[in-house]
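Structural description and commentary
Listed here are the chains, written in short residue letters.
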Amino acid sequence: MGIVIKRLRVESLDQPLGLETKQPRFSWLLDSEEQAQQQSAYRILVASNADLLQQDIGDCWDSGEVVSDRSVQVSYLGSLLQSGLRYYWKVQVWDAKGAASEWSSIGYWTMGILDPNEWNGEWIGQELDPAIEFPPGLYLRKEFVIDRPVRQATLYATALGVYELHLNGSRVGDEYFAPGWTDYAIRTQYQTYDITASLQAGGNALGAILGTGWYAGQVGMMGREIYGTSPALLLQLDIQFEDGTNSLLITDETWAMNTGPIQYSDMLKGEAYDARKELPDWDRTGFDDSDWKKVSRFEPYTGKLVSQIDPPVRITESINPVKMWLTKQGTHLFDMGQNMVGWVKLQVQGQSGTHITVRHAEMLQDEDTLYIENLRRADQKEIYILKGEGLETFEPHFTFHGFRYVEIEGAAAGELTLESVIGRVVHSDTPGTGSLETSDDMVNRLISNIRWGQRGNYLSVPTDCPQRDERLGWTGDAQIFIRTASYNMDVSRFFAKFMEDMTDGQTPDGAFPDVAPDAGWFEFKQEVVKWFAPDNAGWGDAGVIIPWTLYLMYEDRTILETNYDAMKRWVEYLKTNSTDRIRPDYANYGDWLSINADTPKDVLATAYFAYSTALFVRIARVLGYTDDVSEYSALFEEIRTAFVHTYMDENGIIQGDTQTVYVLALYFGLVSEELKPLAVKRLEELIRENGNHLSTGFLGVGYLLPVLTENGLDELAYSLLHQDTFPSWLYSVKQGATTIWERWDGWTEEAGFQNPGMNSFNHYSLGSVGEWMYRYMAGIDVDTEQPGFKHIVIHPRPGGKLTYVKATVESSYGAISSSWQLNGERFSLQVSIPVNTTATIYLYGTNVLISDGAVEIGLENGKHKYRIGSGNYEFISQIEGAVKAAQLTE
Ligand code: RAM
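The rules we used
- Residues numbered from 1 in each chain as written.
- Predicted model: local features only at pLDDT ≥ 70, side-chain atom pairs only at ≥ 80, totals over all residues.
- Heavy atoms only, no water.
- UniProt positions renumbered as here; feature names shortened; annotations may be inferred.
- Near = heavy atom within 4 Å.
- Polar contact = N/O pair within 3.5 Å; in protein donor to acceptor, adjacent residues only side chain to side chain.
- Areas by Shrake-Rupley, 256 points an atom, 1.4 Å probe, with all protein chains shown as cover.
- Nonpolar A, V, L, I, M, F, W, Y, C, P; charged D, E, K, R; others polar.
- Phe/Tyr/Trp six-rings, centres within 6.5 Å; stacked < 30°, edge-to-face > 60°.
- Buried < 20%, exposed > 50% of the residue type's maximum accessible area, 1.4 Å probe, protein only.
- Lys NZ or Arg CZ within 6 Å of the ring centre and 35° of its normal.
- Core = buried A, V, L, I, M, F, W, Y, C linked by side-chain atoms within 4.5 Å.
- Helix = DSSP H or I, 4+ residues; strand = E, 2+ residues; numbered from the N terminus.
- Contact = heavy atoms within 4.5 Å.
- Domains from an automatic or database assignment.
- Pairing = 2+ DSSP bridges.
- Axes fitted to C-alpha atoms, helices over the stretch in contact; angles between N-to-C directions.
- Left-handed = near helix turned anticlockwise from the far one by under 90°.
- pLDDT = per-residue confidence, 0-100.
- Salt bridge = Lys/Arg side-chain N within 4 Å of Asp/Glu carboxyl O.

The name given to the protein in an unreviewed UniProt entry is alpha-L-rhamnosidase, with the source organism recorded as Paenibacillus radicis. Of the protein, the UniProt comment under Catalytic activity (unreviewed entry) reads exactly: "Hydrolysis of terminal non-reducing alpha-L-rhamnose residues in alpha-L-rhamnosides."

What follows is the structure, given as C-alpha cells:
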C-alpha cells in the first residue's frame, strides 16, 4: 500500500496567486494505512505548463531523487521565477522501505508583480476636502472590450484606503477590507485575482468602490487621516489571449467616478447608506455614466507594493439571533447569543426615506438598553435609508463592529422578526487547526470563548479588541496569545505579515513598537503622553517571541532568517538601555491588569530582557550563527546573574513577591537549581494564600499554569482552571461570557461594570491559558529540536475534575490527536500521529497495556516513556489515587 500524497501546498497555501518569494517552499501531506510510515526520499518537478509535467518533465526544476525525510517547507531551487507566470508542480516520494509512491496530483501557483516598474497604472480617486469628516464612498468604473479568446486574465489591485471590486455585475473575490492594514507610508499590499472565467466576449465592465479604511478613516484613539486624506485605487488587468498576444488594462484618467448610496463608511463610526441613491447596474456594460466625473490622478506611491501575505478577511460564518424583543423605547433588540465581530445583514421593508438605525453593543445596561459606554468614541452604528421597494437587504461595506446585541430603531413594531437579522462573522480567514473538548462544560465554554476571542480580534492585524476606538495591533497581547492561537488556527502567514508590520515600526535604534502597524502612534505618544515608550517590556519582546513561536509550531526557518537582524537590533537596544544588565525602572505597562499584585517594572523588564536574549541565542543556533551564539549566551548569563543578585534573596524570594515575578523567573530560566524549589514553593503559597486564585495580568497569566505543571503542581494548576470565583477564568464564564474579557473584573456582582474606558468584553490576552490546555492538559507539544511537530511530544496530564479530554491539532504533517479518559483509577489514552512523524509518549500510572508498535524507552520522573511512529495507538494504565484526587477537587 505504501504512501499516498494527499494535499499539496506552496508557502502553506493551496494554490496561491501572486507569490513574490523567489524560493517558494513546498509541503505535501502524506497518508498511509501502515503504521510507522516515513518518507525516505522525494522528487519534485516544477514546469512552466501542465502538459510538460504530465510527461514528467520539469523544465523549471527537477530536484532529482533527494534522500530526505522532509515533507514540509522544502525550498524551490530551480531556474529564476518570472513575474506574473503560472508554475505547475508535482511530487513523488519513497516510503520507509524505499517503495515509490504514485506521482501526486498537479498543483500550481502564480508569481506576483516582482518589479515595481511593471506597475503601469496610475493612482486614481477623488481629491477630498479634509474638512469633510466622513466622506461618501466612491464608485469608479471602466468598460472594455474582449475581441479574442482569452487564455488567462489576472487582475492585480490595491488601494490607499479599502476597496471592493466588481466585474460584470458581480463582486470579484470574497475578501473584505482589501488591501489590509499596513503602515501605508512604508508598505501596501496588493491582491491578485484570477478573473479568466468571469470575462465575457464583447463588452465588459470593471468597477470599484473605494472607502477611507485605515488609511484616511478613524483609527484607534488617534482620530482620522492617519496616513492620508484621499483614498486612491491602483489596478492592473493583465489579459493573455489564446493567440499569444496580450493586453493591459490599467487605472488612468479614462475611468469615471461618482458617489452613490454610501454616505460614509468608517471603521469605527459605522456606515450610512441611502438606498434611494443606489446606482443599479453601475458594474455592468451599457450603464449610462455620462454624468459621472473624470477621476483625479494622484502622485505615484513612494512606499513598497507587496503581494498580500496574510489570509484574506472573509465572512466565515453566518449566525442567527437567539432572541428578539421590543423595548420600552419602541426599538427591536436582538441577542445574537454570541459576542461576535463583523456586522449584520438586515432585511427590512417600509416607506421610502425611512431611517433605520442599527446599533451594536457587547453587553446590556439593563434589559432594554445597550451598554455602550465601553465603546468610547466608536459609534458602531449603521443608518440605512429605505428606498421603499418591498423587502430590502443591506450589509455595510467598510466597517465592522464588536457586539452581541443589536438594537434596531425606525422599524414599526412587529415589522421585524428573528429572521430580519443575520450575524456575519468576519475575520482574517486563518484555517482552523485545533479542537479541544473536555468532560467539563464550563471549561468547554472557556475553550469556545478563547476561540471566539481569536476570531474576533485577528482582523488583518492581531487587534487588542474589536469594539471601542482602539482595535490596534498591540504587540504584547499578540505575543502572549500566539502559542494558543497557533494551536487553534494556522496563523503562520498572518504573523509573517505582522512581523513585517513590527519591523516597519522598529525605531532606528532598534526598539520594537507597542503597536503595529504604526498608526501615528509614536508621534501621538511623543506629543501627548511622553511616558509611552516604544520599547515596553513584554510588548517589544514580541519581535523575538513571535518568530520563535512560528518556528516551533510550523518549522518556519525563513521567518527567523528574515527577521534575524531586526531581532538582534532589539537585543542590542535592550543592552544599550540597561545598566549593569538591569533594565531601569521606567514607566511601562508592567503586568497589565493584574489584580492587586503590581509586579515591579524593572524586575519584569529585566526578566524579559533575559528572555529575548535567550530566545535570540536559540535562534542564532538554529541558523548556525555560532559567533552570535557565544556572544549572546554570555550576555544571557550576565543578565541572569544580575537578576538573581539584584532581585532574589537566599530564601528564593523575588522582589515584588507577586505570582507573576515567580512565574516569569521560572519560565524564563532565571532561577538557579538550588533556589528553584524555594521559588516554586513561594509561588504555590501565594496562590494558596489567595484562596487558590490567580492575581496575574496579561504577562503573567500566559505562563502561570505551564510553570505550575512543569514544577509538579498539576493539581494546583487544575484548581486555578476550575476556579469560578473572582478572579478566575471561569468567573466570566459563570457570568455568561461568550468571549474572553479584557479585565478579570469587567463586571462583578459587587461593582457592576468596571472602568468603562478600559472594559472590553472581547480581548483575548487573558485567554492565553489555551496554550496550557493543548500542551499540558491534552499534552500535545512540539519538540524544540525537531519543531513543527516533526517529532511530537504527547504528555497528557490527567487531573482536576476532568474525566476526559479530546484534542486534535492539524499540523503541517497532518492531524495529531490525543484523547484520554479517567475511569476510576483506569487511565486510557488514544493517540494518533501523522505519517512522516514520530512521537514520544509520557504515561502516568502502572500496569501499563500498550498497542503493538509502541516501544518503551525508559522512565522519566516516574512516567513511562514510549516511542511510536505514525498511526493509531492506545495505552492503558492504572493511576493509583486518581479517584481520590478527582473527588477532592469536587
Ligand atoms: C490597552 C490595550 C491593550 C494593552 C495596552 C497596554 O489600551 O487594550 O490590550 O496591550 O493597553
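Back to the text.
For the ligand, the full set of nearby residues is D464, R468, E470, W474, D477, W539, Y589, W592, F698, E742, M758 and H763. Within the side chain of R468, one N or O atom sits 2.8 Å away from an oxygen atom of the ligand. A distance of 3.0 Å separates an oxygen atom of the ligand from a polar atom in the side chain of W539. Protein contact buries 97% of the 290 Å² of open area that the ligand shows by itself. Looking at side-chain class alone, the shell around the ligand contains six nonpolar, one polar and five charged residues.

To describe a pair of aromatic rings, you give the distance between the ring centres and the angle between the ring planes. Evaluated as defined, the whole model comprises 62 aromatic pairs. Centroid distance F287 to W292: 5.6 Å. Interplanar angle 80°. Geometry classified as edge-to-face. Residues F287 and W292 agree in their burial class; the two are buried. Here the aromatic residues F26, W28, Y42, W61, Y76, Y87, W89 and W109 are joined through ring pairs into a cluster of three or more. Of note, R148 hangs over the ring of F241, and the distance from its end group to the ring centre comes to 3.8 Å. One cation-aromatic arrangement involves R455 over W452; the distance from NZ or CZ to the ring centre is 4.4 Å.

A separate point is the nonpolar core. Side chains of a nonpolar character, in soluble globular proteins, are inclined to be buried together. Core analysis: the biggest nonpolar cluster contains 209 residues, and F177, Y608 and M773 have the highest contact counts within it. With 15 residues, helix α9 (residues 601-623) is the single largest residue contributor to this core. Residue contacts for F177: discarding those within four places in its chain leaves V162, W214, M267, V313, W343, H397, F398, T399, F400, V426 and L459. Core analysis: the next-biggest nonpolar cluster, separate from the first, contains 30 residues, I146, L165, F241 and L249 among them.

Let us look at the domain arrangement of the protein. As a measure of interface size, the accessible area lost when the parts come together is often cited. Domain boundaries in the protein define domain 1 (4-110), domain 2 (119-313), domain 3 (315-422), domain 4 (441-777) and domain 5 (791-888). Computed over C-alpha atoms only, the centres of domain 2 and domain 5 are separated by 53 Å.

Its place among the elements puts S578 in the loop between α8 (557-576) and α9. Polar side-chain contacts of S578 include one of 2.8 Å to the backbone oxygen of K575. Contacts of S578, omitting those with residues within four sequence positions, involve R583, P584 and F609.

Turning our eyes to something else, we now look at the pairing of strand β19 (residues 262-266). Along β19, four of the five residues are buried, which leaves the element largely enclosed by surrounding structure. Sheet topology note: the β19/strand β20 (residues 270-274) ladder contains four bridges and is antiparallel. Each residue of the ladder has a partner; that of Y264, found in β20, is A272.

A few words now on the environment of S818. One can find S818 in strand β42 (residues 814-823). When the C-alpha positions of S818 and T285 are compared, they lie 57 Å apart, and in sequence the two are 533 residues distant. Every residue in contact with S818, bar those within four places of it in the chain, is listed here: A778, I780, I794, V805, K806, A807, L829 and Q830. Within the structure, the side chain of S818 is placed 2.8 Å from the backbone oxygen of A778, a separation counted as a polar contact.

Another point: unusual backbone geometry. A cis amide bond, omega 10°, links A178 with the succeeding residue P179. In this structure, P179 sits in the loop between β13 (170-171) and β14 (187-194). At the junction of F726 and P727, the peptide bond is cis and its omega measures out at -10° in the coordinates. Here P727 lies in the loop between α14 (714-722) and α15 (729-734). Of note, E11 is a non-glycine position whose phi angle comes to about 50°, a positive value. Judged by its relative accessible area of 8%, E11 falls in the buried class. The phi torsion at R581 lies on the positive side, around 70°, for a residue other than glycine. Here R581 is to be found in the loop between α8 and α9.

Turning to the sheet that holds β13, a few remarks are in order. Read across the open sheet, the six strands follow the order β13-β12-β15-β10-β18-β21; overall the sheet is antiparallel. Two strands bound the open sheet, and with one partner strand each, they are β13 and β21 (293-294). Pairing geometry for strand β12 (residues 162-167) and β13, over two bridges, is antiparallel. The residue of β13 that forms the bridge with H166 is R171.

To continue, consider α14. Among the nine residues that make up α14, eight are buried, leaving the element largely enclosed by the rest of the structure. Residues D714, L716, A717, Y718, S719, L720, L721 and H722 constitute the buried set of α14. Where the residues of α14 are buried, they touch α3 (441-457), α12 (676-689), α13 (698-710), α15, α16 (770-777) and β42.

Below, the discussion takes up the packing of helix α11 (residues 659-667) against α13. Relative orientation of the contacting elements α11 and α13 amounts to 65°, with a least axis distance of 9 Å. In terms of crossing hand, the pair formed by α11 and α13 is left-handed. Facing Q659, T660, V663, L664, L666 and Y667 of α11, the residues of α13 in contact are L699, G700, Y703, L704, P706 and V707. Split into classes, the residues belonging to the contact of α11 with α13 amount to nine nonpolar, three polar and no charged.

Residue-level pLDDT values for the protein average 95, and 97% of them are 70 or greater. Overall, residues 528-532 carries pLDDT values under 50, and its contacts beyond four positions in sequence, including any with other chains, amount to six contacts. Within the model, the stretch residues 884-890 combines pLDDT values under 50 with six contacts to residues more than four positions away or in other chains.

This brings us to the pattern of salt bridges. Within the structure shown, the criterion is met by 59 salt bridges. The residue R148 makes a salt bridge to D243 at a minimum N-O spacing of 3.9 Å. Here R148, found in the loop between β10 (138-146) and β11 (150-160), pairs with D243, found in the loop between β16 (232-241) and β17 (246-250); they are 95 residues apart in sequence, far enough to count as distant. Look at R148 and you get partly exposed, because its relative accessible area is 29%. Look at the salt bridges and you will find they share partners, linking R376, R377, D464, R468, D469, E470 and E742 into a network.

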